[in-house]
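# Structural characterization, general
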Amino acid sequence: MESKSTWTVKTGFADMFKNGVIMDVTDAQQAKIAQDAGAVAVMALDMVPADIRKAGGVARMASIKVIKEIMDVVSIPVMAKCRIGHIAEARILESVGIDFIDESEVLTPADDRFHVNKHEFKVPFVCGCRNLGEALRRIAEGAAMIRTKGEAGTGNVVEAVKHARQVWEEVRKLKNMPEEELVTVSKETGAPLDLIRTVKELGRLPVVNFAAGGVATPADAALMMILGMDGVFVGSGIFKSENPAKMASAIVQAVLHWNDFDMLAKISEDLPPAMKGIEISELEVHLQERGW
Amino acid sequence: MIIGILSMQGAIEEHEAAFRKLDLTTLRVKKPVDLQSVDGLVFPGGESTTMIRLMALSGLFEPLAELIGRKKMPVYGTCAGMILLSKGVTNYSEQRCLGLIDIWVERNAFGRQIDSFEAPIMIDDLGKEAFPAVFIRAPLIRHIGPEVRLMATYRQEAIMARQDNVLVSAFHPELTGDLRIHMYFSQMVSGWRHSQS
């Protein structure tokens, strides 16, 4: 008979985002701009990561009122972030009917040792990672989708590139690894052995893997697709640029035409200035270090 | 015989993998020129608003109307793909569609993601064994023209239909291991290919 919230239904939903762009928005008007520009989903937040950095203090789940307004105005899926380990925020978002929860290092962690047991929820989750072990630990907890952490709110793509390359490097190593070495990989990465075997067999993560954390231009988005990512999250890059609608549309087109460099040149020709961006060595807080 | 996958956005790889298991060659269609080498076309699942916008920017409307509407090349739309092929969306009337099959659809007809589900359904054309259908924020067929043949229902609602060369389903066969619909469609494609030579 009818079964809801199965692993197929959760990971299959993430499959539908592939080759697309998910955009951070802070109100209904921005959500409409994102949808009109071709976003496959929007992520509802109180502030984009660049402003969270500036504001300091404790960053929490977005206002439920704003989340509901966003859900009312767009027909595409709406995601929202909960704090790492914040079971109650996650349950509240599920109750509101959010389509996907990002248990995110961009918000201040609520638990300094444990993540949410995402298997227990009807709603699917996405989580960030910097390497294969972290990705597989999150999948073991029930994440139906993974993204690189990168360094959110910087407009600097270098950390997203580092994390994407790191995951792929470890996947490639596993593919050629003899069975007797797998238990030690499991021990060293803290990832369950069965998931390590699955990755070795598939030659990729068993769930959709997006890029996130520093994508600010169409060229950045294309770079992440060249590196083998399934799609792209753009946070501050759109609504911190000088013409969000134009930047959003250009990034969506760049993800489609990532391997057609004449098209990318055309897409990049008449762009408004991108967000300013921050050099990683100048950062006081590294959001990517949150998560266990 | 080459089956094109409309590759604006969405679950492209999953359809490619299904046809690969049937030993069939696929090609990603992003521009009008790509259509010259294909004998059939799949519109995958994804976000219909995203796809329609990118299709307009890529100049695909006219060549698709010519190939599918006039030359009758077979096409199969799953979920968002079904929405794109329909005449329009009952609950988002401003959404542009291609109008290549005489149906109207309701988007997100079962609700949001937490209402998504899988269920076995019966498709008479595919035999007596139930088909494992996956419905993800799925649409439903709301109005069916006289030339359209209804192929499957779920709880008395229309979920799969065919009009001549256009096949649509509200669910995702590419997310299951069952290849019968991909096989059925490939037979439509090979039939059309022979009629062209």
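All figures in this text were calculated on a predicted structure; none of them were measured in a lab. (Residues numbered from 1 in each chain as written. Chains lettered and ligands numbered in written order. Predicted model: local features only at pLDDT ≥ 70, side-chain atom pairs only at ≥ 80, totals over all residues. Heavy atoms only, no water.)

### Some words on the interface of chain A and chain B
The partner chain B presents 39 residues to the 41 residues of chain A that form the contact. Of the roughly 3,200 Å² buried where chain A meets chain B, counting both sides, 54% is carbon and sulfur surface. Contact with chain B buries surface across chain A, with M16, S75 and L256 of chain A losing the most and accounting together for 22% of the total. There are seven salt bridges connecting chain A and chain B. K4 of chain A is the salt-bridge partner of D115 of chain B, the closest N and O atoms lying 3.8 Å from each other. There are 24 residue pairs in polar contact (both at pLDDT 80 or more) connecting chain A and chain B. Looking at the side of chain A that touches chain B, the elements that each hand over two or more residues are β1 (3-4), α1 (7-15), α2 (28-37) and α12 (244-256) of chain A. When residues in the side of chain A that touches chain B are grouped by element, the largest group, six residues, is from α1 of chain A. Of the residues assigned to the side of chain A that touches chain B, the class counts are 17 nonpolar, 14 polar and ten charged. (Contact = heavy atoms within 4.5 Å. Buried area = accessible area lost by both parts, 1.4 Å probe. Salt bridge = Lys/Arg side-chain N within 4 Å of Asp/Glu carboxyl O. Polar contact = N/O pair within 3.5 Å; in protein donor to acceptor, adjacent residues only side chain to side chain. Helix = DSSP H or I, 4+ residues; strand = E, 2+ residues; numbered from the N terminus. Nonpolar A, V, L, I, M, F, W, Y, C, P; charged D, E, K, R; others polar.)

### Considering the packing of α12 of chain A against helix α2 (residues 48-57) of chain B
The N-to-C vectors of α12 of chain A and α2 of chain B enclose an angle of 80°; their axes lie 11 Å apart at closest approach. The pairing of α12 of chain A with α2 of chain B is recorded here as roughly perpendicular in orientation. Along the contact surface, α12 of chain A presents S249, V252, Q253 and L256 of chain A, while α2 of chain B presents R53, L54 and L57 of chain B. (Axes fitted to C-alpha atoms, helices over the stretch in contact; angles between N-to-C directions. Parallel < 35°, antiparallel > 145°, perpendicular 65-115°, else oblique.)

### Some points on the nonpolar core
If you look at the biggest cluster of nonpolar residues, it comprises 138 residues, and the most contacted ones within it are M224 of chain A together with F43, M55, F135 and F171 of chain B. No other element matches the seven residues that helix α7 (residues 158-175) of chain A contributes to this core. Apart from residues lying up to four places away in sequence, F171 of chain B is in contact with T78, C79, I121, I123, F131, A133, V134, F135, I159, M160 and I181 of chain B. Membership of the second largest hydrophobic core comes to 22 residues, among which are M16, A212 and F233 of chain A together with V134 of chain B. (Core = buried A, V, L, I, M, F, W, Y, C linked by side-chain atoms within 4.5 Å. Buried < 20%, exposed > 50% of the residue type's maximum accessible area, 1.4 Å probe, protein only.)

### As for the sheet that holds strand β8 (residues 131-135) of chain B
With antiparallel pairing, three strands are arranged side by side in an open sheet as β1(A)-β7(B)-β8(B). The sheet terminates laterally at β1 of chain A together with β8 of chain B, the two strands that pair on one side only. Pairing between β1 of chain A and strand β7 (residues 117-121) of chain B: two bridges, direction antiparallel. When the bridges of β7 of chain B are listed, S3 of chain A appears paired with E118 of chain B. Here α1 of chain A sits on the sheet in contact with β1 of chain A together with β7 and β8 of chain B, set at roughly 110° to β7 of chain B. (Pairing = 2+ DSSP bridges.)

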